[in-house]
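# Structural characterization, general
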Amino acid sequence: MLVLGIESSAHTFGVGIVRNGKILANPKAMFKIENKGLIPAEVAETHAVNAAGVVSDALELAGIKMREIQGVGYTRGPGLGPCLQVGELTAKTIAKRLGVAIAQVNHAMAHVEITKKFAKMQDPLVLYVSGGNSQILKKNEKFLHYSVLGETFDIGVGNMLDSFAREIGLNPAWGSTVARLAEGGRYVKLPYKVKGMDFSFTGIATSAAKMKERESVEDLCFSVQETAFSMLCEATERAMLLTRSRELCVCGGVAQSNRLRQMLGLLAKEHKVRFGYAPDQFNADNGAMIAFVAEKMLKRGMESKLSECGIEQRYRIEDAVIA
Ligand code: FE2
């Protein structure tokens, strides 16, 4: 089956094309955040301007014509309302014009499923870490969904890194800048908050920002990153022991972090657990992961009527059925 998938939940408008699980194209256009953060209406406007061009790029890269598409998928949520709406409308327009089936995809599940494909894993324990989300997930066979074993009490680890970067005036104010500066840093004590398999990140960013006059930028970047990632590792280790998982994977935007992957890799090695992750372009938000899950859904008859399609800003992974 040839399926086109659209991702638009945050700053990326991505279009993927998949045929029988094989990714044929995965172009994207990104809203430039600069240093003021995400303003949903502004991002959505950019998505609307970019939508047609990214769809054309995807078709060209895949070497197919629009009329060959046999199914469409889009991100139903979670995400920013105005941004999700642009993806929904684009997908519905294409599905209606071609008269093909449409599937509403959960964004978190798409991150998990595309990672399982690349890591060649069937039933891993999953650490899902991105701007807006930080969760520990495991498939629940009985109910055909993912259970959330642990998650952030407040913000996602990616948002914490970005807001810390903004607070101390880094340019660009992103987690990747924090990671680069962290390489030359030493540890200073910051709040470490793990409760069972849940964790909280806001305290780290606020405390570190208050220390900016007396500690070096490198030391703060190093300490923020080490503290946050150690918390994620502690909670993941607890979940690994509880579920007796033999496989561990990390997915989502923050899974691009070499340091986090190194720490999780060591953890997995210690427990003789197989560890894996997807190539970076599939950890960042992308259309291919949506097309990949949409194809599975459509093959299993999990399609929606156009009138049933919508968006859900807080669409939780446990509310989505695994395809
Ligand atoms: Fe994401």
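Look up a bit, the structure's there.
Residues numbered from 1 in each chain as written. Predicted model: local features only at pLDDT ≥ 70, side-chain atom pairs only at ≥ 80, totals over all residues. Heavy atoms only, no water.

## Considerations on the packing of aromatic side chains
Selection criterion: By convention, a stacked pair of Phe, Tyr or Trp rings (six-membered ring in the case of Trp) has centres within 6.5 Å and planes under 30 degrees apart, an edge-to-face pair has planes over 60 apart, and any other such pair is tilted. When a residue's accessible area, from a 1.4 Å probe over protein chains only, is under 20% of the maximum for its type it is buried; when over 50% it is exposed; and in between it is partly exposed. Criterion for a charge above a ring: Arg CZ or Lys NZ at most 6 Å from the ring centre, at most 35 degrees from the ring normal.
Under the definition given, this model contains three aromatic pairs. Judged by centre distance (5.7 Å) and plane angle (55°), the rings of F275 and Y277 are tilted. F275 sits in the partly exposed class, given a relative accessible area of 21%. The class of Y277 is partly exposed, set by a relative accessible area of 37%. Positioned over the ring face of Y315 is R76, at 5.7 Å from the centre of the ring. A cation sits over an aromatic face here: K117 above F118, 5.6 Å from the ring centre.

## Side note on the coordination of the iron ion
We apply this condition: For Na, K and Ca the donor cutoff is 3.2 Å, while for all other metals N, O and S atoms count as donors only within 2.8 Å; water does not appear among the atoms, so some sites may look incomplete. Numbered from the N terminus, helices here are DSSP runs of H or I no shorter than four residues, and strands are runs of E no shorter than two.
Coordination of the iron ion by the protein is provided by H107 (NE2), H111 (NE2) and D285 (OD), with metal-donor distances spanning 2.1 to 2.2 Å. The motif formed by the donor residues of the iron ion, counted along the single chain, is H-x3-H-x173-D. Note that H107 and H111 are positioned in helix 3 (residues 107-119) at a spacing of four residues, about one turn of the helix. Taking relative accessible area as the criterion, H111 reaches 0% and is therefore assigned buried.

## Section: helix 6 (residues 202-210)
Under the convention used in this document: The arc in question is traced by the directions running from the helix axis to the C-beta atoms. Throughout, a residue-residue contact means that at least one pair of heavy atoms, one from each residue, lies within 4.5 Å.
The complete set of buried residues in helix 6 reads I204, A205, A208 and A209. For helix 6, the angular spread of the buried residues around the axis is 120°, confining them to a single face. Where helix 6 is buried, its residues meet helix 4 (157-167) and helix 7 (217-243).

## Some thoughts on the pairing of strand 12 (residues 247-251)
Quick note on the threshold: Should DSSP find at least two bridges between two strands, the strands are regarded as paired.
With respect to burial, strand 12 is a largely interior element, five of its five residues being buried. Here strand 7 (residues 125-129) runs beside strand 12; their pairing, made up of four bridges, is parallel. Of the residues in strand 12, the one forming a bridge with L125 is L248. When strand 12 meets strand 13 (residues 274-276), the two strands line up parallel, connected through three bridges. Following the sheet pairing, E247 is matched in strand 13 by R274.

## Concerning the sheet that holds strand 8 (residues 134-140)
This is how the line gets drawn: Axis geometry follows a simple rule: fit a line to the C-alpha atoms, using only the stretch in contact for helices, then measure angles between N-to-C directions, giving values from 0 to 180 degrees.
Taken together, the five strands give an open sheet; going across it, the order is 9-8-7-12-13, and neighbouring strands pair in mixed fashion. Single-partner strands in this sheet number two, and they are strand 9 (145-151) and strand 13. Direction aside, the axes of adjacent strands within the sheet are offset by 25° on average. Two elements, strand 7 and strand 8, share four bridges in a ladder whose sense is antiparallel. Bridging from a neighbouring strand, Y128 pairs with Q135 of strand 8. Lying over the sheet, helix 7 contacts strand 7, strand 8, strand 9 and strand 12, oriented at roughly 155° with respect to strand 7. On the sheet, helix 8 (residues 258-270) packs against strand 7, strand 12 and strand 13 and is oriented at approximately 170° with respect to strand 12.

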